[in-house]
Amino acid sequence: MRPGSSGPEAGSNARPLAGEVDVLVVGAGVTGIYQLHRAREAGFSTLLLEAGGGVGGTWFWNRYPGARFDSESYTYGYLFSRELFDEWEWQEHFAAQPETERYLNHVVDRFDLRRDMRFDAAVTAADYDDATGTWTVSVADGSTYRARYLVAATGVLSVPFFPDIPGRDDFRGASFHTGRWPAAPVDLAGKRVAVIGTGSSGVQIVPAIAGEVASLTVYQRTANWCTPLNNTPITTDEQARLRADFEAMRETLNTSAHGFLHDAHDRGAFDDSDDERRAFYERMWASPGFSKLTSNYLDLLFDEAANDTWCAFLADKIRGIVRDPDVAEKLIPKDHRFGEHRPPFVTGYYEAFNNANVSLVATKQTPIVRMTETGIETTEGLREFDVVIWATGFDFGTGALLRMGVRGRDGLALADHWADGPSTYLGIQTAGFPNFFFPGGPHAAAGNNPRYNGDQVDFVTDAIVYVREHGFDTIEPEPAAEEAWTAMIDRNAARKPSFGSSSYYFGSNVPGKPRKYLLNAAGRPKLFEMIAEIVASDYQPFILSRTSDVESEAASR
Ligand code: NAP
């Protein structure tokens, strides 16, 4: 609690406030857990509200078979505590969801964070009060809290998207979305199963369940450039090396542009002969996870001809794996290059189509007409299913923030402020919403997410410590700074190597959503540069104020 503030007090709401804290965090995912820890460490009183029934965020909700990291486990986990790093031995280079959920619970208990967490507490409204410089946050069960600072660590991939297929609700079998997979075991054995969607989630679940189901029909709208994850257990020697190299590894992860350990290559695709290039691509194919993007030829994402050579190599790989040539051709993307969409990394995905019980429906050639009570009807007829799995993605970037009922100064709704797409400063704050932060939200950089989101949490924490130490009550960006940052985001969105405009990073998967770039293509280096300037200039261009200023301004009106 802030010095001088009293305990719980009645607000203007009919219901009494359940509590008053300095920092209220929404979301118990990777970002929210870290924000809670940092805020508490900095001496603030804290509370975290989480809509789910447990810790984990993405790793709580996405517990579908096959869900796992495609960033290396030890680069994804927290790096703020050497002791934590030493005591947690990740089992695999790319951990599966259960291990990650266990890890996040371990972190929460190790740092005694659970006592400030409330679960099954979906935030329904957050209202800013200019007179006191505080937020009143309402929860679905009717309880309300007041906080000086509100940090929405609600994630960018947290609101599942269901396409508006006619008759969607008519289906009488079981339906699951990968992003809301139940905690109770789902028995798929011997069932006729449909998977709709072939993004990172769909291509993970397909091979994971192909062996147990009676039949598996994969509905693919856009083929993706999938490459092998190449996951392996972490050996005892590797565990020892990770610990010996911790400081150097942390330095690399904390400063690199993408937040991975992978070394950048030093050659362009046409610096090598055809044979050398093929040999290099074989090494890339066998390399772990995102290194196919981060350690590939320098010009891969800048030069279309270079990218074409990699795509041709991948197309040959797909043809070599999938025995039915017609299926192989359908699985090869024809409408975008590698890196235009977020590339999925797979284990046995293409191989799954060699199983007699797995079939592919390419919905651009054979469109879905409607769902019926028993299955899915396409232009080629009806297929009946016991289970339909929606691997159809999320309302990316702004989905959760816009559903939280956030209202800033003078009742301005965030949903109205962002009606044409998000405008932010640093992807952290927006003008007119003092003391409201959204690390890991829209306009965050792309790469190894916990590293970027952690940068933002560190900034938020340092900023509110500065506000406290200098006797201010509120902080928000100047509108001009926000405009300039957002214009920079939009400018860079059209430049390589940002994602292509058909990527969901532009909101293009959700009908009616403004087509605005939802990441920061200038990436982590730009964020570092800006943060250094801001700290050096005593938090300009943020507006810092005291609530007494607001009161005297109101009195003089
Ligand atoms: P996604 O990438 O948005 O994929 C959604 C899929 O559903 C796409 O294939 C999309 O087709 C399809 N779809 C949407 N509407 C459809 C319709 N009406 N008919 C047929 N298909 C339809 O979502 P996601 O797979 O859940 O992945 C989202 C993000 O989560 C990933 O990009 C990644 O950042 C993260 N993720 C990470 C991992 C990991 O390995 N760590 C695993 C899963 C997810 P179109 O492409 O044509 O729109």
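A short tour of the structure in this document, coming up. Here the structure is a predicted model, which is why all the values come from computation and not from measurement.

By the definition in use, this model includes 46 aromatic pairs. Between Tyr34 and Tyr78, the aromatic rings sit 6.0 Å apart at their centres with planes inclined by 35 degrees, giving tilted as the arrangement. Residue Tyr34 is located in helix 1 (residues 30–41), and its partner Tyr78 is located in the loop between helix 3 (73–76) and helix 4 (82–87); the two are separated by 44 residues in the primary sequence. Among the residues examined, Tyr34 registers a relative accessible area of 11% and is labelled buried. Seen from their ring centres, Phe459 and Phe542 are 5.8 Å apart, and the 35 degrees between their planes marks the pair as tilted. Here Phe459 is found in helix 16 (residues 449–469), whereas its partner Phe542 is found in strand 22 (residues 542–545), with 83 residues between them in sequence. No difference in accessibility class separates Phe459 from Phe542, as the two residues are buried.

What follows is about the environment of Asn357. For Asn357, the location among the structural elements is in the loop between helix 13 (349–352) and strand 12 (358–362). Each residue touching Asn357, except ones within four places of it in the same chain, is listed here: Ala210, Val213, Ala214, Ser215 and Leu216.

On to the pattern of salt bridges, then. Pairs can form between side chains of opposite charge once their charged atoms are near each other. Considering all chains together, one arrives at 36 salt bridges under this definition. Of the charged contacts, one joins Asp86 and Arg82 as a salt bridge, the two residues approaching to 3.2 Å between their closest N and O atoms. Highlighted residues: Asp86 and Arg82, both in helix 4, separated by 4 residues, approximately one helical turn. Among the residues examined, Asp86 registers a relative accessible area of 30% and is labelled partly exposed. The class for Arg82 is partly exposed, based on a relative accessible area of 27%. Among the charged side chains, a salt-bridge network with shared partners connects Arg278, Asp316, Arg319, Glu329 and Lys334.

Before going further, it helps to examine the site of the ligand. The local shell around the ligand holds 21 residues, among which Thr198, Ser201, Arg221, Thr222 and Tyr504 are the closest. Note that an oxygen atom of the ligand is positioned 2.9 Å from one of the backbone N or O atoms of Thr198. Within the side chain of Gln204, an N or O atom sits 3.1 Å from an oxygen atom of the ligand. When the ligand is considered free in solution it has 910 Å² of accessible area, and contact with the protein chains removes 85% of it. Of the residues forming the shell around the ligand, the biggest block, 3 residues, is contributed by helix 6 (residues 200–210). Looking at the shell around the ligand residue by residue, the class counts come to 8 nonpolar, 9 polar and 4 charged.

Further remarks concern the sheet that holds strand 15 (residues 381–384). Hydrogen bonds along the backbone pair up the strands of a sheet, which may run parallel or antiparallel. Judged by pairing direction, the sheet is antiparallel, and its 3 strands sit side by side in the order 13-14-15 without closing on themselves. Only two strands of the sheet have a single neighbouring strand rather than two, namely strand 13 (368–371) and strand 15. Looking at each pair of strands side by side, their axes are set apart by 25 degrees on average, direction ignored. Bridge count for strand 14 (residues 375–378) against strand 15 is 4 bridges, and the pairing is antiparallel. Bridge assignment links Glu377 to a residue of strand 15, and that residue is Leu382.

The next subject is the side chain of Thr398. Mapping Thr398 onto the fold places it in the loop between strand 16 (387–390) and helix 14 (399–402). Overall, Thr398 belongs to the buried group, its relative accessible area being 5%. Beyond its immediate sequence surroundings of up to four residues, Thr398 is in contact with Trp418, Pro422, Pro442, Lys513 and Leu518.

Cut-offs used in this document
Residues numbered from 1 in each chain as written. Predicted model: local features only at pLDDT ≥ 70, side-chain atom pairs only at ≥ 80, totals over all residues. Heavy atoms only, no water. Phe/Tyr/Trp six-rings, centres within 6.5 Å; stacked < 30°, edge-to-face > 60°. Helix = DSSP H or I, 4+ residues; strand = E, 2+ residues; numbered from the N terminus. Buried < 20%, exposed > 50% of the residue type's maximum accessible area, 1.4 Å probe, protein only. Contact = heavy atoms within 4.5 Å. Salt bridge = Lys/Arg side-chain N within 4 Å of Asp/Glu carboxyl O. Near = heavy atom within 4 Å. Polar contact = N/O pair within 3.5 Å; in protein donor to acceptor, adjacent residues only side chain to side chain. Areas by Shrake-Rupley, 256 points an atom, 1.4 Å probe, with all protein chains shown as cover. Nonpolar A, V, L, I, M, F, W, Y, C, P; charged D, E, K, R; others polar. Pairing = 2+ DSSP bridges. Axes fitted to C-alpha atoms, helices over the stretch in contact; angles between N-to-C directions.

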